[in-house]
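So you can see what is in the structure, the chains are spelled out below.
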Amino acid sequence: MRRCVILGAAPFDKADALRPFLRAEDMFVVADGGVRLAAALGVSPTLTVSDCDSAPKPTGDFVHLPVRKDDTDTRAAMDIAFARGFREFLLLGCLGGRFDHTVANLLSARQMTEKGCRVVLADEQNEITVLTPGSYPLARAGDRKVSFFAMTQAVSGLCLRGLLYPLENYTLLSDDPLCVGNALADETATVSFAAGTLLMIFSKD
């Protein structure tokens, strides 16, 4: 199944820094003001989802949303793509700018992940993934910092192996910042946990 890339309206400095995240087979959906990012990346969206409050009405496949609604344009775009069968999402232009929209996008990522999707949010400095219980390799971390936060009341059985600051069978609570700013210590690092929902953030300066 192809991946759906949703382009949001958050500000960006260097669109070229986002190109490594893209795949040749991606399907692009513009959420309202994300049209600016699409132009900067030189990609043609298959679908535009917008209430046209921050971008002109587009041509082509277009879902016109009401200005007064319960969901953000980005969340509406995710729901439409999910209804069309997509289960893997990359969100660009969805971090930074208005902090309320950033939080809403993180919460939407959690909800979609708990529905069986894989969701990654990225900008020039960060790559963020919501994880459900399991074991995950961290080989692609490189020299980036990696941090973990509980998105549920608790994440239990958390194990960080092959990292500079390891953990074994730890219970990470939602108000616990212990797992910020870790780093790989060897090439076989993994994160695993038994219950809860975990936010994983790779960051670089």
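Keep in mind it's a predicted model, so treat the numbers as computed, not measured.

Enquirer: Can you explain the overall build of the chain? Please cite residues and give values.
Expert: The helix and strand tally for the chain stands at three helices and 13 strands. Across the 205 residues of the chain, 48% fall into the buried class. Put simply, the chain shows about 10200 Å² of open surface, and 53% of that area lies on carbon and sulfur atoms.

Enquirer: Describe the pairing of strand β11 (residues 167–173), naming the residues involved and giving the relevant values.
Expert: In summary, the side chains of a regular strand alternate between the two faces of the sheet. Where strand β10 (residues 154–161) and β11 come together, four bridges link them in antiparallel fashion. Paired with V155 across the strands is L172, a residue of β11.

Enquirer: Mind laying out the environment of L47, listing which residues take part and the relevant values?
Expert: Within the secondary structure layout, L47 lies in strand β3 (residues 47–50). Assessed through its relative accessible area of 3%, L47 is described here as buried. Residues L47 and M27, 20 residues apart in the sequence, show an inter-C-alpha distance of 8.7 Å.

Enquirer: Could you give me a rundown of the packing of aromatic side chains, with the residues and numbers involved?
Expert: Taken as a whole and judged by the stated rule, the model has zero aromatic pairs. The side chain of R87 reaches across the aromatic face of F82, ending 3.7 Å from its centre.

Enquirer: Please set out the sheet that holds strand β12 (residues 190–193) residue by residue, giving values where relevant.
Expert: Ordered in space as β8-β12-β10-β11, the four strands form an open sheet in which the pairing is antiparallel. Of all strands in the sheet, those bounded by a partner on one side alone are β8 (134–137) and β11. Between one strand axis and the next, the sheet turns through 25° on average, direction left out of account. As paired strands, β8 and β12 are joined by four bridges and run antiparallel to one another.

Enquirer: Could you give me a rundown of the side chain of R144, with the residues and numbers involved?
Expert: As for its placement among the helices and strands, R144 is situated in the loop between β8 and β9 (145–150). The buried category is assigned to R144, whose relative accessible area is 15%. Here the side chain of R144 touches E127 through a polar contact of 3.0 Å, side chain to side chain. Look past the residues within four positions of R144 in its chain and what remains in contact with it is E127, N182, F202, S203 and K204.

Enquirer: Can you explain the nonpolar core? Please cite residues and give values.
Expert: Judged by nonpolar contacts, the single largest core of 29 residues is most densely connected at C4, I6, V29, F89, L91, V119 and L121. Ranked by the residues each element gives to this core, the list is headed by helix α2 (residues 73–83), at six residues. Beyond its immediate sequence surroundings of up to four residues, C4 is in contact with M27, V29, A81, F86, E88, F89 and L90. The next biggest cluster of nonpolar side chains, apart from the first, holds 19 residues, and it includes L138, V146, V155 and F193.

About the criteria used
Residues numbered from 1 in each chain as written. Predicted model: local features only at pLDDT ≥ 70, side-chain atom pairs only at ≥ 80, totals over all residues. Heavy atoms only, no water. Helix = DSSP H or I, 4+ residues; strand = E, 2+ residues; numbered from the N terminus. Buried < 20%, exposed > 50% of the residue type's maximum accessible area, 1.4 Å probe, protein only. Areas by Shrake-Rupley, 256 points an atom, 1.4 Å probe, with all protein chains shown as cover. Pairing = 2+ DSSP bridges. Phe/Tyr/Trp six-rings, centres within 6.5 Å; stacked < 30°, edge-to-face > 60°. Lys NZ or Arg CZ within 6 Å of the ring centre and 35° of its normal. Axes fitted to C-alpha atoms, helices over the stretch in contact; angles between N-to-C directions. Polar contact = N/O pair within 3.5 Å; in protein donor to acceptor, adjacent residues only side chain to side chain. Contact = heavy atoms within 4.5 Å. Core = buried A, V, L, I, M, F, W, Y, C linked by side-chain atoms within 4.5 Å.

That's the geometry; what it means functionally is another story.
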